[in-house]
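One-letter residues, chain by chain:
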Amino acid sequence: MTKKNIKMKGFLFSLLLITFSINCYCQNEVEQTYKFIKKQGENPEKYVISKFKKYDYVFIGEYHRNKQDVDFVAGLIPKLYKNGVRNIAYEFYEYANQSKIDSLLTAKEWNDEKINHTLSKGFGVCWGYTEYINLLKKVWVFNKTLKDNQPKFRVVMMQYEYFPCKKGLEMFGGVDPDKFMADVVEKEIVSKGEKALIYCGIHHAFTIYQQPQYDFETKKFYGLSNKRLGNILHAKYLEKTFTIFMHSPWMSNISEEEQSVRPANGTIDSALEILKYKPVGFDVKNTFAGTLKSTDSYYSIGHKDFKLSDFCDGYIFLKPYKTVKFVSVDKNFYDEYNIKLLKQHFKCRGWSDEQINSIDNKKAIEILTEDPKEHFGKLAK
């Protein structure tokens, strides 16, 4: 055997040893994660409610449009109230209509047309989703069970006014969107000495995590931002905020279009598979789960040694990607009044007259219906 062959065999053996060691490490990490979740995991509803024993402002950060996430939050309403939490701060509709919302959610009768026309202001016209509207109706139903002298449950809208024909901050009424939402929470909840479940997209829910400002086309990194809604509130109320991430795919650090990367390098998914995908909530902050690394996600950009505890404080899993369903469009939402607003919205977005004129109830539903497979890619297959 030549020296060259001996060196090659030595190299291959070393490579095999390294690969074996990495696989053993990954398997060991999955096993540790499985054991941690099995021992420390709780029923998701009980988990959320338990956080209010210590924290006043608990964020639930979602991917958006996942049906099970909205249904889960809606199911918390009576349990929240029983535990002294009478508010859900809601990202999805305009705060400018708050007084109307308060009246509609405490009215003697539920009025579909009034609620739909109130919610459709600004960007709300693109959010005519059954499940998000039904959460409001469930609050109305719950309020009907309360006595006259009992305080009513509120849904505080956080959405800024939206003007799609304008540019820059003027599109948001000249205000920073996250700063606006933080001001709403302070005015409607903090100043009143109340607690709240703050339900929004995960990017608004960041408290300790700083989001990368990154251009995928130029691959240019502009730094980290600490100006999201959660960041703003956390800076003022350090010991009172807690962020829970609703399990969903993370965006790749390679392409903005590729949204099929598993959180924490897939370790949690692998552990959940062993647990037969049982719904669970568990702490990330100051736990083994918090040490899980992520090297392939957008969220790791600009962060040295990025780990799960940098991202969130708690974690909830409800369903695996393959069984996730997206919310449905409420066909009654897109009546003549709201179709007119929707046409104005898309005109501002640059749609042609032909495209705009084609929008009717059926077309509106088609435009706004989303498929998890288009978002989750290979993970949904």
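**Details of the pattern of salt bridges**
- On inspection of all chains with the given rule, the structure shows 18 salt bridges.
- The partner of Asp-102 in a salt bridge is Arg-154, with the nearest N and O atoms 2.9 Å apart. Of this pair, Asp-102 sits in helix H5 (residues 98-104) while Arg-154 is found in strand E3 (residues 154-159), placing the two residues 52 residues apart along the sequence.
- The class of Asp-102 is partly exposed, set by a relative accessible area of 23%.
- Through salt bridges with shared partners, one network takes in Asp-102, Arg-154, Glu-188 and Lys-192.

**Overview of the packing of aromatic side chains**
- With the rule as written, the count across this model stands at 45 aromatic pairs.
- For the pair Tyr-90 and Phe-92, a centre-to-centre distance of 4.9 Å together with 85 degrees between the ring planes defines the contact as edge-to-face.
- Taking the relative accessible area as the measure of exposure, Tyr-90 reaches 0% and is therefore buried.
- Its relative accessible area of 3% is what places Phe-92 among the buried residues.
- Each ring, one from Tyr-90 and one from Tyr-132, has its centre 6.5 Å from the other, and the planes form 50 degrees; the classification is tilted. In this pair, Tyr-90 is assigned in strand E2 (residues 87-94) and Tyr-132 in helix H7 (residues 130-144), connecting sequence segments 42 residues apart.
- The exposure class assigned to Tyr-132 is buried, which follows from its relative accessible area of 0%.

**Overview of the state of the cysteines**
- On inspection of all chains with the given rule, the structure shows one disulfide.
- The cysteine Cys-200 is free of any disulfide, with Cys-312 supplying the nearest cysteine sulfur at 13 Å.

**Focus on the sheet that holds E2**
- What the seven strands build is an open sheet, ordered E3-E2-E4-E1-E7-E9-E8; its pairing is mixed. Each edge of the sheet is formed by a strand with only one pairing partner; in this case those strands are E3 and strand E8 (280-283). Each adjacent strand pair in this sheet contributes to an overall mean axis angle of 25 degrees, direction not counted.
- H7 contacts strand E1 (57-62), E2, E3 and strand E4 (196-201) of the sheet and is inclined by roughly 140 degrees relative to E2.

**A word on the environment of Ile-356**
- In this structure, Ile-356 sits in helix H14 (residues 353-357).
- Here Ile-356 falls in the buried class, since its relative accessible area comes to 8%.
- It is 51 Å that separates the C-alpha atoms of Ile-356 and Tyr-34, two residues lying 322 residues apart in sequence.
- Setting aside its immediate chain neighbours within four residues, Ile-356 contacts Lys-343, Phe-346, Lys-347 and Trp-351.

**Remarks on the pairing of E1**
- For E1, a buried count of six out of six residues is recorded, marking the element as mostly surrounded by other parts of the structure.
- Inspection of the sheet shows E1 paired to E4 by six bridges, in the parallel sense. Across the sheet, residue Val-58 finds its bridge partner in E4, namely Leu-197.
- By the bridge criterion, five bridges tie E1 to strand E7 (residues 241-246) in an arrangement that is parallel. Bridge assignment links Ile-60 to a residue of E7, and that residue is Ile-244.

**Overview of the nonpolar core**
- Counting residues in hydrophobic clusters, the biggest one holds 58 residues, and the most contacted among them are Ile-60, Ile-88, Tyr-90, Tyr-132, Leu-135, Leu-136 and Leu-197.
- Element by element, the count of residues in this core is highest for H7, at seven residues.
- In this view, Ile-88 contacts Val-73, Ile-77, Leu-80, Leu-135, Phe-153, Arg-154, Val-155, Val-156, Leu-197 and Tyr-199; residues no more than four positions away in its chain are not counted.
- Judged by nonpolar contacts, the second largest core, of 47 residues, contains Val-156, Ala-271, Phe-306 and Cys-312.

Quick notes on the rules
- Residues numbered from 1 in each chain as written.
- Predicted model: local features only at pLDDT ≥ 70, side-chain atom pairs only at ≥ 80, totals over all residues.
- Heavy atoms only, no water.
- Salt bridge = Lys/Arg side-chain N within 4 Å of Asp/Glu carboxyl O.
- Helix = DSSP H or I, 4+ residues; strand = E, 2+ residues; numbered from the N terminus.
- Buried < 20%, exposed > 50% of the residue type's maximum accessible area, 1.4 Å probe, protein only.
- Phe/Tyr/Trp six-rings, centres within 6.5 Å; stacked < 30°, edge-to-face > 60°.
- Disulfide = S-S within 2.5 Å.
- Pairing = 2+ DSSP bridges.
- Axes fitted to C-alpha atoms, helices over the stretch in contact; angles between N-to-C directions.
- Contact = heavy atoms within 4.5 Å.
- Core = buried A, V, L, I, M, F, W, Y, C linked by side-chain atoms within 4.5 Å.

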